[in-house]
Amino acid sequence: MDTLRIPAKIASRLPGKLGDRSDKGVVSVVRLHGVITPQAGPVPRSVLNAASTDKVLERAFAPDGLVAVALLINSPGGAPTQSALIADRIRGLADEKKVPVLAFCEDVAASGGYWLACAGDEIYAHETSIVGSIGVVSAGFGLQGLIERLGVERRLHTAGESKSRLDPFLPEKADDVAWLRNLQDQLHDMFKAWVTERRGNRLNTDSDLFTGEVWTGARAVGAGLVDGLGTPRAVLAERFPDAEIVPVESRRPLLARLGIGGPAAAATFSPVNSLLGIAEAAEVRALWARYGL
């Protein structure tokens with residue numbers, strides 16, 4: 001009688017006698033690439049947020065025989081709350097599964113990208129990586145002169161004297177700027193506390209770590225921002241020579257996998273939505289360009 005032959009790669013993922021996983025262990029590899037923002041990206045998978053990463057992180061920590069999770073980080077940063085939510089999710093799963101997390105900085109792990117890296121128990125970078133930018137930045141435009149030249153009259157009505165703070169169509173006020181600086185200082189303190197908690201005495205306190213400065217990976221080692229230089233392939237092969245390296249990716253919607261349909265925004269196209277989409281794409285591009293990418 002012919003017997004069913006199951007390919008080893010498939011068998012290794014089956015439970016019980018059909019495919020007992022070998023005792024060599026598994027290292028899950030998750031790519032965290034993009035600007036960190038609660039908004040959907042202008043290009044699929046171009047942004048990171050808590051909602052888009054939750055399921056992929058769950059799957060990364062799910063395999064039997066898991067010995068470690070590797071995070072491949074390539075992000076210029078973005079929203080502080082989303083950065084913290086993703087990092088908290090990583091730490092919660094790591095503590096639950098009791099496995100180490102190794103973070104690898106690719107082109108850039110700056111600002112919120114470095115916040116994510118600090119979710120790792122160890123951080124590695126390439127010598128050319130851009131690392132750090134532990135600070136807070138806010139950017140906007142002053143458009144009051146523009147609408148005047150266009151002959152546009154804007155009507156704004158508020159209840160509460162602070163509801164129109166930093167409105168781009170109104171002249172900037174010193175009190176509003178002072179309020180913003182205070183808010184930035186609070187967020188900066190939280191960022192510094194997170195880095196200090198995660199990196200501890202590995203940090204070189206003689207360096208200007210919290211000024212918003214960035215370092216190459218080669219210099220980040222001396223600053224204590226990363227633990228060493230190396231690629232994921234080399235480090236994981238040395239640390240877990242017998243483990244199976246398993247990439248874990250987010251799942252695209254069925255229609256997208258079939259090549260059918262497009263972004264949901266296409267169904268609600270309007271000139272306003274189009275302009276907003278262009279502005280969002282420009283903001284994403286500007287964040288990468290800040291680091292020469």
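Model, not experiment: these values are computed from the prediction.

Parameters and conventions
Residues numbered from 1 in each chain as written. Predicted model: local features only at pLDDT ≥ 70, side-chain atom pairs only at ≥ 80, totals over all residues. Heavy atoms only, no water. Buried < 20%, exposed > 50% of the residue type's maximum accessible area, 1.4 Å probe, protein only. Helix = DSSP H or I, 4+ residues; strand = E, 2+ residues; numbered from the N terminus. Arc of directions from axis to C-beta. Contact = heavy atoms within 4.5 Å. Pairing = 2+ DSSP bridges. Right-handed = clockwise from strand over helix to strand, strands pointing away. Patch = residues over 30% accessible without salt bridge, like charges linked within 9 Å, V, L, I, M, F, W, Y side chains within 5 Å. Areas by Shrake-Rupley, 256 points an atom, 1.4 Å probe, with all protein chains shown as cover. Salt bridge = Lys/Arg side-chain N within 4 Å of Asp/Glu carboxyl O. Core = buried A, V, L, I, M, F, W, Y, C linked by side-chain atoms within 4.5 Å.

**Examining helix α2 (residues 50–60)**
Along α2, the residues that are buried comprise T53, V56, L57 and A60. One side of α2 carries all its buried residues, which in axial view fall inside an arc of 105°. Residues of α2 that are exposed and point over 90 degrees away from its buried face: A51 and K55. In this structure, the buried residues of α2 make contact with β1 (26–33), β3 (47–48), β4 (66–75), α3 (80–97) and β10 (244–248).

**Considerations on the pairing of strand β5 (residues 101–110)**
Where a strand is regular, its side chains alternate between the two sheet faces. Burial analysis of β5 places eight of its ten residues in the buried class, which makes it a mostly covered element. Bridging between β4 and β5 involves six bridges; their strand directions are parallel. Following the sheet pairing, I73 is matched in β5 by C105. Considered for its hand, the β-α-β crossover made up of β4, α3 and β5 is right-handed. The pairing of β5 with strand β6 (residues 122–125) spans four bridges and is parallel. Bridging from a neighbouring strand, A103 pairs with I123 of β6.

**Some words on a nonpolar patch on the surface**
Taken together, L146, L150 and V152 make up a surface patch of nonpolar side chains, about 270 Å² in accessible area. Looking at the element boundaries, L150 is found in the loop between α5 (144–149) and α6 (174–199).

**Notes on the side chain of R199**
For R199, the location among the structural elements is in helix α6. You can call R199 buried: its relative accessible area is 2%. When sequence neighbours within four positions are dropped, the list of residues in contact with R199 reads Y114, C118, I123, G224, L225, V226 and D227.

**Focus on the environment of I73**
As for its position among the elements, I73 is in strand β4. Looking at I73, the relative accessible area reads 0%, which means it is buried. Beyond its immediate stretch of four places on either side in the chain, I73 contacts L32, A103, F104, C105, E106, V108, A109, G113, L116 and A117.

**Looking at unusual backbone geometry**
In the Ramachandran plot, S111 falls in the positive-phi region, its phi being about 55° despite a non-glycine side chain. Examined against the element boundaries, S111 turns out to sit in the loop between β5 and α4 (112–117). Taking relative accessible area as the criterion, S111 reaches 14% and is therefore assigned buried. Phi at S133 is positive, roughly 55°, even though this residue is not glycine.

**Points about the nonpolar core**
One finds F61, I90, Y114 and L225 to be the most contacted residues of the largest nonpolar core, which totals 46 residues. Looking at this core, the element that brings in the most residues is α3, giving six residues. For I90, the contacting residues outside a window of four places in its chain are L32, L57, F61, L71, V101 and A119. Counting twelve residues, the second largest nonpolar core, distinct from the first, contains L102, F104, Y124 and F240.

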